[in-house]
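Here is what each chain is made of, one letter per residue.
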Amino acid sequence: MTSSSPTPIPEQAPAPGASAGAPVPPVLAEVVRSGFVEGRHRGSLVVLAADGSVESALGDVAAPVFPRSTNKPMQAAAVLRAGLELSGERLALVAASHSGESFHLDLVRTMLAEHGLTPDHLQTPPDLPLDPEEAESYLASGRVRDRLAMNCSGKHTAMLAAAARNGWPLASYLDQDHPLQQLVAEGVRAASGEEVAHVGTDGCGAPLLSLSLTGLARAFRHFVLADPGTPERRVADAMRAHPEYVAGTRRPDTWLMQALPGTLSKMGAEAVQAVALPDGRALAFKIDDGATRTLGPILARLLRRMGVDSPVLARLEDAPLLGGGVRVGEIRAAF
């Protein structure tokens, strides 16, 4: 990775037809088919400088959003604070939205057994592997949706193990008032530097704590700059050392962390992305309509503007549109 001077992000005018006083999120990505812009995706983004100050922003970066799986590093740090001893691939898998590849599922089974648990303890919804290729192979082998294949099963295994270690109830490990979930909430507040405005239920059933995009970027910065040996740094180090366990072999978070050593990257459902570079610079963004197909192009554009230069950016931003099985367009960043 090489760096040059950051390029400022230009401001955008409100969309035509916006009512007076009603902020309209800027267009962050365009859908271009056969040379024609057939769609636009709006959202908000923030970039933090190495000292933690806001360097660039578009849209509303102070309003709360649900970070979805970008909260997973903070959830993983909580199980360490609860006294669960994990490291390496196991800790990376706790912070994962895994693809459901065989090495993911094998390690979840191993971790369950190591802590005297079974897949029946998991309260993840039955699901198929997250990666489409893995899902096809999974179904072709005659298997059906199950709780272990769900992409959050590593996190849930660790939550159960932490509860068991402390003698906390297992059946209610996803309740907002459970001691483990209280540790998660404390960690989210400490890492982000802000209070949680809303609590919902994530797709996996765990409590979902809102943050602003600025708070989310601040939390990722906190993890990469934390002192060695702290729960936050242990999670960041495990994720960066074993990125294939955080996502999968065909996933952008894996590619980015493999190509840019020291970088922490995690995406979340509904098109949320957070990244921290090893020098403390960080970014976070969310696409309002939840279109995850925009994540790669927007992430590549942001990293280029931050001065990052790496072949992985071309891989990230390549988001083709097909017509008749042939490439006829692309999703592209529009800022």
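Only a predicted model underlies this, so the values are computations on that prediction, with no experimental measurement involved.

Considerations on the nonpolar core
Right, so step 1: In terms of nonpolar packing, the biggest core is built from 70 residues, with Met74, Val79, Leu86, Leu216, Phe223, Val235 and Leu264 touching the most fellow members.
Right, so step 2: Here this core gets seven residues from one element, more than from any other, and that element is helix α7 (residues 213-225).
Right, so step 3: Residues contacting Leu264, with those up to four places away along its chain left out, are Phe220, Phe223, Val224, Ala236, Met239, Arg240, Met257, Ala274, Val275 and Ala276.
Right, so step 4: If you look at the next biggest cluster of nonpolar residues, it comprises 32 residues, including Leu28, Ala29, Leu45 and Ile331.

Here we look at helix α11 (residues 295-305)
Right, so step 1: For α11, the buried fraction is high: nine of the eleven residues fall into the buried class.
Right, so step 2: Within α11 the residues assigned to the buried category are Leu295, Gly296, Pro297, Ile298, Leu299, Ala300, Leu302, Leu303 and Arg305.
Right, so step 3: Gly307 sits one or two residues past α11 and shows a positive phi near 95 degrees.

A closer look at the packing of aromatic side chains
Right, so step 1: Taken as a whole and judged by the stated rule, the model has one aromatic pair.
Right, so step 2: Plain terms: the ring middles of Phe103 and Tyr245 are 5.0 Å apart, the flat faces sit at 75 degrees to each other, and that makes the pair edge-to-face. Separated by 142 residues along the polypeptide, Phe103 in helix α3 (residues 102-114) and Tyr245 in helix α9 (residues 243-246) bring together distant segments of the chain.
Right, so step 3: Seen from the ring of Phe335, Arg301 lies directly overhead, with NZ or CZ sitting 5.9 Å from the centre.
Right, so step 4: Arg315 extends its terminal NZ or CZ atom over the ring of Trp255, reaching a point 3.8 Å from the ring centre.

The rules we used
Residues numbered from 1 in each chain as written. Predicted model: local features only at pLDDT ≥ 70, side-chain atom pairs only at ≥ 80, totals over all residues. Heavy atoms only, no water. Core = buried A, V, L, I, M, F, W, Y, C linked by side-chain atoms within 4.5 Å. Buried < 20%, exposed > 50% of the residue type's maximum accessible area, 1.4 Å probe, protein only. Helix = DSSP H or I, 4+ residues; strand = E, 2+ residues; numbered from the N terminus. Contact = heavy atoms within 4.5 Å. Phe/Tyr/Trp six-rings, centres within 6.5 Å; stacked < 30°, edge-to-face > 60°. Lys NZ or Arg CZ within 6 Å of the ring centre and 35° of its normal.

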